[in-house]
Amino acid sequence: MREEARVIVVGAVLGALLGAAGGWAYRRYGPSARSEGAHLPAKARGVDRGQLFRLALAVLAVLRQVSELR
């Protein structure tokens, strides 16, 4: 049970970190940031939602590979 609890805690921490990163990315590049006139650098451009989706899939793939190292 101790190993199982450790795995659950690690998963919760990773989930919280990924959720925070996703929230930050949405807040920074989402539609509300553009409508409020956010102060972005002149060279900055919005991130395509497809790029964010591919990034999320890549992170999940890496996490799956790490979990299979056991």
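Bear in mind the structure is a predicted one, so any value in this text is a computation, not a measurement. (Residues numbered from 1 in each chain as written. Predicted model: local features only at pLDDT ≥ 70, side-chain atom pairs only at ≥ 80, totals over all residues. Heavy atoms only, no water.)

Novice: So what about the overall build of the chain? Which residues, and what values?
Specialist: Summing up its helical and strand segments, the chain has 3 helices and 0 strands in all. In sequence order, the secondary structure elements of the chain are arranged as α-α-α. Evaluated residue by residue, the chain yields a buried proportion of 4% over its 70 residues. (Helix = DSSP H or I, 4+ residues; strand = E, 2+ residues; numbered from the N terminus. Buried < 20%, exposed > 50% of the residue type's maximum accessible area, 1.4 Å probe, protein only.)

Novice: If you had to explain the pattern of salt bridges to someone new, which residues and values would you point to?
Specialist: Using the criterion set out here, one finds 1 salt bridge in the structure. Of the charged contacts, one joins E3 and R6 as a salt bridge, the two residues approaching to 2.9 Å between their closest N and O atoms. You can see E3 and its partner R6 sitting in helix α1 (residues 2-29), 3 residues apart, about one turn around the helix. Overall, E3 belongs to the partly exposed group, its relative accessible area being 38%. (Salt bridge = Lys/Arg side-chain N within 4 Å of Asp/Glu carboxyl O.)

Novice: An account of the environment of A25 is needed here, citing residue identities and associated values.
Specialist: Along the chain, the position of A25 falls in helix α1. The buried category is assigned to A25, whose relative accessible area is 11%. Apart from the residues lying within four places of it in its own chain, the contact partners of A25 are G30 and L52. (Contact = heavy atoms within 4.5 Å.)

Novice: Lay out a nonpolar patch on the surface in plain terms, naming residues and giving numbers.
Specialist: Taken together, the side chains of V9, V10, V13, L14 and L17 define a hydrophobic patch exposed on the protein surface, amounting to about 420 Å² of accessible area. Here V10 is to be found in helix α1. A relative accessible area of 41% means that V10 is categorised as partly exposed. (Patch = residues over 30% accessible without salt bridge, like charges linked within 9 Å, V, L, I, M, F, W, Y side chains within 5 Å. Areas by Shrake-Rupley, 256 points an atom, 1.4 Å probe, with all protein chains shown as cover.)

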